[in-house]
Amino acid sequence: QCSFCGKARSRTELVLAGQGRAAVCYDCIRSLGELVESEVPAPQQGPLVPRDIYSSLDDYVIGQERAKKTLSVAVYNHFKRIWSGASGSEVELQKANILLMGPTGSGKTLLAETLARTLDVPFAVCDATSLTESGYVGEDVENILLRLIQAADWDIARAEQGIIYIDEMDKIARKEGVNRSITRDVSGEGVQQELLKIIEGCVANVPPQGGRKHPQQEFLQVNTRNILFICGGAFEGLSEIVSKRITTHGSQLGFLGGTRNRTEEDGNILSHVTPEDLLAFGFIPEMVGRLPVVTSLDHLDKASLIRVLTEPRNAIVKQYQYLFSIDGVELEFTSGALEAAAERALNHYTGARCLRYIVEETLLDVMYELPSLKQVNRCIVDRDAIDGPGTPTLETESGETISLYPELLQQSA
């Protein structure tokens, strides 16, 4: 009888029969075939146009217009090359990997994550500081491909069209600049040399369990030709190299010679980076050539930090307002509180990363006591609460103000 439908069939009606008692009849095979044919995959849509990509980035990243426009065009051209089937054309299109430069907290990682969310492709983040040259203690460069395969749920074909963001790329530069080191630089120049073929495009052997590669183990074959690499870093010290070059080329005579150039370029000095500057910083020429799209991110000023607090979809104020709404409390930040939080973040020199710390520190005691205060339905945060002397104001439905217990505040402080 058939193992699927259980009906008794003659041996001539059983199309497939196993070594044991398992068998499949023709009716079941036909039903399965009709089911597979009915599940026709949806036709693949074309790539998003740069304006749509920019709009998606604008929902999460505040400011950085030049960087978002550069990323939108580069990603559009990259996936257009993949989806248009450029392999059959007489013109061979090469991918353009991206190098992001900017201070910490300016949105480099958030840009890459938003890109992956917008394009619905596998996305992996790795840290260049943990990579070493093959044969030395540390992670091999092939492990970054393993993370991408894991993000694609072990679908190799889907992973081969994903995005890899390599953070802290500036940490693998040669410490001596253009001069070679006396000893072998296994975590700097050695990592750059290992990354060359992977970033350019090759068939890499990836160990499925991670770790070191052994001759006897099996490998996963991954073609990196259609994988987009986005490299980011703060590049501390690069601005001095660029400023020195600009000042030298635009030097003036007199006591104030060169000061005008320095004043004009201090705002966004990294936007004038050239390949010669990257070579002087410590990158090898082959690596510079494989990162043709270079874009810089600006420092976030006070107005931008206020927008980061309130405007994006994952804005910090919106997150805490939702957390308070679960307890039935309306959370409100005054304009003075937002300005005070932005001013404190500017003093920490960590960009937008410090905003969550400031808001969390201000609302810690309130979130501790609020679940026990059932009559409270509104919480107001003003400038004094952010700066430190005051506390958030708690109000009831009747408008009565409730203060937190001073002894609890002293203990938490």
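Look up a bit, the structure's there.
Values in this document were obtained by computation on a predicted structure and should not be read as measured data.

What about the overall build of the protein chain?
Along the backbone of the protein chain there are 17 helices and 13 strands. The 413 residues of the protein chain split such that 42% are buried. When contacts within the protein chain are restricted to residue pairs at least 6 apart in sequence, long-range pairs at least 24 apart make up 68% of them. For the protein chain, the accessible area works out to roughly 22900 Å², and carbon and sulfur atoms hold 50% of it.

Considerations on the nonpolar core
Residues Leu145, Ile166, Leu195, Phe229, Leu238 and Met287 are the most contacted members of the largest nonpolar core, which totals 45 residues. Filtering out sequence-adjacent residues up to four positions away, Met287 remains in contact with Met169, Gln192, Leu195, Leu196 and Ile199. Core analysis: the second largest hydrophobic core is formed by 34 residues, Phe333, Leu363, Cys379 and Ala385 among them.

Details of the packing of aromatic side chains
What the rule picks out here adds up to 3 aromatic pairs. One aromatic cluster in this structure is built from Phe235, Phe281 and Phe283. The ring of Tyr54 has Lys68 lying over it, and the distance from NZ or CZ to the ring centre is 5.2 Å. The ring of Tyr60 carries the charged tip of Arg117 above its face, separated from the ring centre by 4.6 Å.

Focus: the side chain of Thr362
Locating Thr362 in the fold gives a position in helix α15 (residues 353-369). In this structure the side chain of Thr362 is engaged in a polar contact, spanning 2.9 Å, whose partner is the backbone oxygen of Ile358. When neighbours within four sequence positions are excluded, Thr362 is seen to be in contact with Val381, Ala385, Ile386 and Pro392.

Considerations on the pattern of salt bridges
Per the counting criterion, the structure on display carries 16 salt bridges. Note that Glu332 is salt-bridged to Arg378, the shortest N-O span being 2.4 Å. Taken together, the residues span a long stretch of sequence, with Glu332 in strand β10 (residues 330-333) and Arg378 in strand β11 (residues 376-381) at a distance of 46 residues. Three or more residues joined by partner-sharing salt bridges are found here, namely Lys302, Glu339, Glu343, Arg383 and Asp387.

Regarding the sheet that holds strand β9 (residues 293-296)
Strand order in the open sheet made by the 5 strands is β4-β5-β8-β3-β9, with parallel pairing throughout. Edge positions in the sheet fall to β4 (123-127) and β9, since each has one partner strand and no second. In this sheet, neighbouring strand axes are inclined to one another by 20° on average, regardless of whether the strands run parallel or antiparallel. Bridge count for strand β3 (residues 98-101) against β9 is 4 bridges, and the pairing is parallel. Bridge pairing in β9 links Leu99 to Val294. Lying over the sheet, helix α5 (residues 143-151) contacts β4, β5 (163-167) and β8 (228-233), oriented at roughly 150° with respect to β4.

Remarks on the pairing of β11
Relative to β11, β10 runs parallel, the two being bridged by 4 bridges. From the neighbouring strand, Phe333 faces β11, where its bridge partner is Val381. The sheet contact formed by β11 and strand β12 (residues 393-396) spans 4 bridges and is antiparallel. Across the sheet, Cys379 pairs through a bridge with Leu394, a residue of β12.

A few points about α15
At Leu363, α15 shows its strongest bend, of approximately 50°. Taken as a whole, α15 has its buried residues at Cys354, Leu355, Ile358, Val359, Thr362, Leu363, Val366 and Glu369.

Considering the packing of helix α3 (residues 65-83) against helix α4 (residues 108-119)
Relative orientation of the contacting elements α3 and α4 amounts to 40°, with a least axis distance of 12 Å. In this view, α3 runs oblique relative to α4, as classed from their interaxial angle. In the crossing of α3 with α4, the sense of the turn from one axis to the other is right-handed. Side by side, α3 and α4 meet where Ala67, Lys68, Leu71, Val75 and Phe79 of the first sit next to Leu111, Leu115 and Leu119 of the second. Here the contact of α3 with α4 is built from residues that sort into 7 nonpolar, no polar and 1 charged.

Some thoughts on helix α2 (residues 50-58)
Those residues of α2 that fall on the buried side of the exposure criterion are Ile53, Ser56 and Leu57. Mapping the buried residues of α2 onto a view down its axis gives an arc of 100°, with all of them on the same face.

What about the side chain of Arg344?
Relative to the helices and strands, Arg344 is located in helix α14 (residues 335-348). Those residues in contact with Arg344, other than ones at most four positions away along the chain, are Tyr357, Ile358, Glu361 and Ile386.

Re the sheet that holds strand β13 (residues 401-402)
Taken in spatial order, the 4 strands of this open sheet run β10-β11-β12-β13, and their pairing is mixed. Taken across any chain shown, the strands that pair with only one partner, and hence form the sheet edges, are β10 and β13.

Some words on the pairing of β5
Of all 5 residues that make up β5, 5 are buried, and the element is covered over most of its length. Alternating positions in β5 separate into two faces, Ile163, Tyr165 and Asp167 on one and Ile164 and Ile166 on the other, with burial throughout. The pairing of β4 with β5 spans 5 bridges and is classified as parallel. Note on β5: the bridge partner recorded for Phe123 is Ile163.

Reading the values: the criteria
- Residues numbered from 1 in each chain as written.
- Predicted model: local features only at pLDDT ≥ 70, side-chain atom pairs only at ≥ 80, totals over all residues.
- Heavy atoms only, no water.
- Helix = DSSP H or I, 4+ residues; strand = E, 2+ residues; numbered from the N terminus.
- Buried < 20%, exposed > 50% of the residue type's maximum accessible area, 1.4 Å probe, protein only.
- Contact = heavy atoms within 4.5 Å.
- Areas by Shrake-Rupley, 256 points an atom, 1.4 Å probe, with all protein chains shown as cover.
- Core = buried A, V, L, I, M, F, W, Y, C linked by side-chain atoms within 4.5 Å.
- Phe/Tyr/Trp six-rings, centres within 6.5 Å; stacked < 30°, edge-to-face > 60°.
- Lys NZ or Arg CZ within 6 Å of the ring centre and 35° of its normal.
- Polar contact = N/O pair within 3.5 Å; in protein donor to acceptor, adjacent residues only side chain to side chain.
- Salt bridge = Lys/Arg side-chain N within 4 Å of Asp/Glu carboxyl O.
- Pairing = 2+ DSSP bridges.
- Axes fitted to C-alpha atoms, helices over the stretch in contact; angles between N-to-C directions.
- Bend = angle between axes of the 7 residues up to and from the residue.
- Parallel < 35°, antiparallel > 145°, perpendicular 65-115°, else oblique.
- Left-handed = near helix turned anticlockwise from the far one by under 90°.
- Nonpolar A, V, L, I, M, F, W, Y, C, P; charged D, E, K, R; others polar.
- Arc of directions from axis to C-beta.

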